[in-house]
Amino acid sequence: MNAKIPEGKLEDKWRNYQAKSSLINPANKKKLKVIVVGSGLSGAGAASTLAELGYEVQCFCYQDSARRAHSVAAQGGVNAAKNYQHDGDSVWRMFYDTLKGGDFRSREANVYRLAELSAPLIDHFTQQGVPFAREYGGVLVNRSFGGVQVQRTFYARGQTGQQLLLAAYSQLYKMIRAKKVTMFTRHEMLDLVVIDGKAKGIIARDLKSGELKRFAADAVVLATGGYSRVFRLSTLAIGCNGSAIWKAHKRGAYFASPSFTQIHPTALPQSSEAQSKLTLMSESLRNDGRIWVPENKDDNRKANDIPEEERDYYLERRYPSFGNLAPRDIASRAAKERIDAGHGVGRLKNAVYLDFKHAIQQFGLDTIQDRYGNLFTMYKKITGIDAYHEPMQISPAAHFSMGGLWVDYELMTTVPGLYAVGECNFSDHGANRLGANSLLQASVDGYFILPNTINNYLAKALKEEHETTDHPEFAKVEQEVQENIDRLLAVNGTKTVDHFHRELGKIMWQECAMSRNEAGLERAIEQITQIKANFWSDVKVTGHDKEMNTELEKALRLADFIELGLLMCTDALNREESCGAHFREEFQTPDGEAIRVDDVYSYVSAWEYSQDQFKHHEEALDFEFIEPTVRSYK
Amino acid sequence: MKVTFRIWRQESPNDKGQLKDYEVDGLTEDMSFLEALDHLNEMLVLKNEKVIAFEYDCREGICGQCGVFINGRAHGPHDNMTTCQLHMRSFKDGETIVIEPWRADSFPVVKDLVVDRSAFDRIIEQGGYISAKTGTAPEANAVPIGKEIADKAMDVAACIGCGACVATCKNSSAALFTSAKINHLNSLPQGKPEQHQRVLAMTEQMQEEGFGHCTFTGACEVECPEAISITNIAEMNNRVIRASIFG
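**Structural notes on the interface of chain A and chain B**
Part 1 of the reasoning: At the junction of the two partners, chain A supplies 62 residues and chain B supplies 61 residues.
Part 2 of the reasoning: A total of 9 residues in the side of chain A that touches chain B trace back to one element, the largest contributor, which is helix α7 (residues 160-177) of chain A.
Part 3 of the reasoning: When its residues are assigned to classes, the side of chain A that touches chain B shows 19 nonpolar, 27 polar and 16 charged.

Now the structure itself:
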């Protein structure tokens, strides 16, 4: 595996790379076409910037408008090493925090570049009109997030993702007006077209008419987001899916560290079988809220009736120095441990309390309202409960996928001409992502990195023939897509798509989420194989394919999730160590902390697909500039 | 919990469409409204019927994709809330709940409860952005922006583009949506160079799309999930006048 890391000192690598990469003159850029799949922060950022540079861009999203992409839902903020607070922050410190937060399972060069480009990104979004929070004197404000000791998070109320996305969306429409981007809303990519080993286009389904369409280009960029809906219940949008990257994987792109998925500790608990979504409550609540469960098992008293001495503030007990602000992976696992031990609360005994009683006593109701008012209102809208008077009930939920398509330093996958940006790639977060780094990575990939690296490939493509959709490979792939749809509609079984998704979700949540073990993962692989067989013999989808058919859309996505679930379990089984969000029960200290095995597993796993089998490759991680240490939050 | 959903069914844009009744049992009070519709769709599949097409994505009130008329109100019985935030506990056992798509000429029905809101995108296309290329930005703190100005810009930038303002307005006016974007950008120093051009082009597009005029009934601000105030429309009108004189 060649990651194409440039030569030189860490701080010189990106500059060296840019100095040596190929350029294309503006007249020639016009002749080159790029497809961008996805219109979130990374997709809209890439599409608009590539169009500004002169390329012909076609951009696709499955929603009714590019403004709906799930970047919109990120709450807390975006990190940048500006050191505006004069608190000792620097690019180096941000690089180190991110690498350590990821438990030393990502590349030094990539992470350094992420930190290096963070400061210009804030300039960029400010110029685009993002109303970041300000001091009275007019300068930008920062706050803290988990896992760091400086204040480097920029934010726009609790709607930072929305504001960054809307800025990206507006730039996208600026370039649509300039006729440099053609936008295809309500279009879903269903397969990748590879000609002579290179990515040359996609097959997409028009979700309004159901028609399959062919699109050819000189390069294809996937910006399709995360795949945590494999668990069914997650903080993701219902439409989020892994189909584009899965189809690319089946066409030759390696999939890296698929089992690295982040479980967020503070979401609203599941309340019924019919539930479709777990709403996130911002990590910032853990600044003032205290997490606890009743000391007695199956305690059925109301929270306020349980006296102080019968409450177990388990994070403060286990991690006295970080307490309630322990990182996400640690806090989620600790909650699961208490719930599994019979101390869970709520109607389904699947939650823990997040209590503001002491904070209200200490700071007063007004201060707490001022800090978290919108979150308390949201909590009340959804649960009907007033959290100023009784504790919130929260529970861990699937949230982010650090894993994704393997990409090199140029963000190119193992299929030449196919790029992956944002959450759908595996690059910077290692085995655990720090809060407020996802908006950063998506934006930096789309705006700053890809537009600089894609030239190297396109400069060569310029000299080759531009494929059109008349190439027989397009007809062949389109036919395969059609056959897959026909096969699905022909099953005409007795169970709904959601039935199978619930089954898959339960297994993935039980065996491949916060803690994993060999027997469980082996069992999961068997069970998912069975689900796959049952799905293809007993699923029922009504309606037909040449119309708007939301049930068919769900079925196609689920078919890919089932296969992805198998790969996730295979990867988790392979990695016999605990690191970040990947916790193997066999590899823990007597008091339940992770044991990392650096001499064997200091690598990125990269899986190749070949005829229903997954072949394992390794990209060794060489730490040239820092020394991996044991993460401790005690 | 058991309710009757009376739902607008329309095969395609040119189909006439009609309301149809569905009795749904086995609901619980803590189910969200959209989950109740999911439940109904699963029942329909098992009965070999076509599912009801309705829109959603994030299901946490921020993407703006969901939105239907429920018992005659945009996004249902509560003020300032999206459809996905609505729960079944807001309805009575045995109630008949009427569900219709957004009704506005500029939002044609695609299928059942799904409408085409691309007119909003085309309004943005006419100037809902700042013309600055990636890579040209000055240092972020170089231009100070007072907290009051930034906060006010954020109040309107919060618009989720759901279209409830249009759907609830008797004139099907898009004035609240358009004013939110204009006031967001025009009140910030970064948006000043293009301010006059922006306000004229965007309001012209708004009319070209067939949205009606605003008569200040205030219906929109009651339904707006982000509680954007109608004073923004007055501010936009003021900007239109200034742009026609100074632009």
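The structure having been displayed, the exposition proceeds.
**Description of unusual backbone geometry**
Residue and element names in this part refer to chain A.
Part 1 of the reasoning: At D196, a residue that is not glycine, the phi angle is positive and equals roughly 50°.
Part 2 of the reasoning: Position of D196 relative to the elements: it lies in the loop between β6 (187-195) and β7 (198-206).
Part 3 of the reasoning: Located in the positive-phi region is Q611, a residue other than glycine, with phi close to 45°.

**Details of the nonpolar core**
Residue and element names in this part refer to chain A.
Part 1 of the reasoning: One finds L172, A219, V221, L222, L405 and Y419 to be the most contacted residues of the largest nonpolar core, which totals 286 residues.
Part 2 of the reasoning: Looking at which element gives the most residues to this core, the answer is helix α17 (residues 550-574), with 13 residues.
Part 3 of the reasoning: Ignoring anything within four residues of it in the chain, the contact list for A219 reads V34, A199, G417, Y419, I454, Y457, L458 and A461.

**Focus on the environment of D498(A)**
Part 1 of the reasoning: Note that D498(A) resides in helix α15 (residues 497-511).
Part 2 of the reasoning: Residue classification places D498(A) among the buried residues on the basis of 21 C-beta atoms within 10 Å.
Part 3 of the reasoning: Separated by 224 residues in the primary sequence, D498(A) and A274(A) have C-alpha atoms spaced 9.4 Å apart.
Part 4 of the reasoning: Contacts of D498(A), omitting those with residues within four sequence positions, involve D38(B) and E42(B).

**Overview of helix α8 (residues 231-246) of chain B**
Residue and element names in this part refer to chain B.
Part 1 of the reasoning: Over its 16 residues, α8 extends 22 Å from the first C-alpha to the last, a length consistent with the 22 Å expected when each residue adds 1.5 Å.
Part 2 of the reasoning: Along α8, the residues that are buried comprise N232, I233, M236 and R239. Axial view of α8: buried residues confined to an arc of 115°, hence all on one face. Turned more than 90 degrees off the buried face of α8, the exposed positions are T231, N238, I241 and I245.
Part 3 of the reasoning: The secondary structure elements touched by the buried residues of α8 are α3 (147-157), α5 (175-186) and α6 (195-208).

**Notes on the packing of helix α16 (residues 518-538) of chain A against α17(A)**
Residues and elements named next belong to chain A.
Part 1 of the reasoning: For the pair α16 and α17, interaxial distance at closest approach is 9 Å and the crossing angle is 165°. Regarding the angle of α16 to α17, the classification is roughly antiparallel. The handedness of the crossing between α16 and α17 comes out as left-handed. In contact with E518, L521, E522, A524, I525, I528, T529, I531, K532 and F535 of α16, α17 contributes A559, I562, G565, L566, C569, T570, A572 and L573.
Part 2 of the reasoning: A class-by-class count of the residues in the contact of α16 with α17 yields 12 nonpolar, 3 polar and 3 charged.

Cut-offs and rules
- Residues numbered from 1 in each chain as written.
- Chains lettered and ligands numbered in written order.
- Predicted model: local features only at pLDDT ≥ 70, side-chain atom pairs only at ≥ 80, totals over all residues.
- Contact = placed C-beta atoms within 7 Å.
- Helix = DSSP H or I, 4+ residues; strand = E, 2+ residues; numbered from the N terminus.
- Nonpolar A, V, L, I, M, F, W, Y, C, P; charged D, E, K, R; others polar.
- Core = buried A, V, L, I, M, F, W, Y, C linked by C-beta atoms within 7 Å.
- Buried ≥ 20, exposed ≤ 12 C-beta atoms within 10 Å, placed from the backbone.
- Expected span 1.5 Å × (residues − 1).
- Arc of directions from axis to C-beta.
- Axes fitted to C-alpha atoms, helices over the stretch in contact; angles between N-to-C directions.
- Parallel < 35°, antiparallel > 145°, perpendicular 65-115°, else oblique.
- Left-handed = near helix turned anticlockwise from the far one by under 90°.

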